[in-house]
Amino acid sequence: MTRAKKYSPEERERAVRMVFEHESEYSSQWAAIQSIAEKIGCSGETLRNWVRQAERDVRRPPIGVDTWERLC
């Protein structure tokens, strides 16, 4: 069984910031997440979870949520 690598809060923040700063260069946020996750050595799902948490922390609506869903 392999042990999961622990990432410092600074490493997590940097990875999330990279996704937000570079997502417009990719076809989707998920494509950006996959590319950046590969570069930093974590799984795409791990980075996606960090991004979603950051979005909740700053109350940024997730990609693909329309105005009606945000109001409900």
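Coordinates for the structure precede this section.
Computed from a predicted model, the values in this text were never measured in an experiment.

### So, the side chain of glutamine 29
- If you trace the backbone, glutamine 29 turns up in helix H2 (residues 29-40).
- At 3.2 Å, the side chain of glutamine 29 forms a polar contact with the side chain of glutamate 23.

### Topic: the nonpolar core
- Counting residues in hydrophobic clusters, the biggest one holds 13 residues, and the most contacted among them are Val16, Val19, Cys42, Leu47, Trp50 and Val51.
- Looking at this core, the elements that each hand over two or more residues are helix H1 (9-22), H2 and helix H3 (44-57).
- For tryptophan 50, the residues in contact, after removing those within four places along its chain, are Tyr7, Arg12, Ala15, Val16, Ile40 and Cys42.

### Brief notes about the environment of isoleucine 36
- If you trace the backbone, isoleucine 36 turns up in helix H2.
- Taking the C-alpha atoms as reference points, isoleucine 36 and valine 19, 17 residues apart in sequence, are found 7.0 Å from one another.
- The residues contacting isoleucine 36, other than those within four sequence positions of it, are Ala15, Met18, Val19 and Leu47.

Each value, and the rule that gives it
Residues numbered from 1 in each chain as written. Predicted model: local features only at pLDDT ≥ 70, side-chain atom pairs only at ≥ 80, totals over all residues. Heavy atoms only, no water. Helix = DSSP H or I, 4+ residues; strand = E, 2+ residues; numbered from the N terminus. Polar contact = N/O pair within 3.5 Å; in protein donor to acceptor, adjacent residues only side chain to side chain. Core = buried A, V, L, I, M, F, W, Y, C linked by side-chain atoms within 4.5 Å. Buried < 20%, exposed > 50% of the residue type's maximum accessible area, 1.4 Å probe, protein only. Contact = heavy atoms within 4.5 Å.

By themselves, these are just geometric observations and shouldn't be taken as functional.
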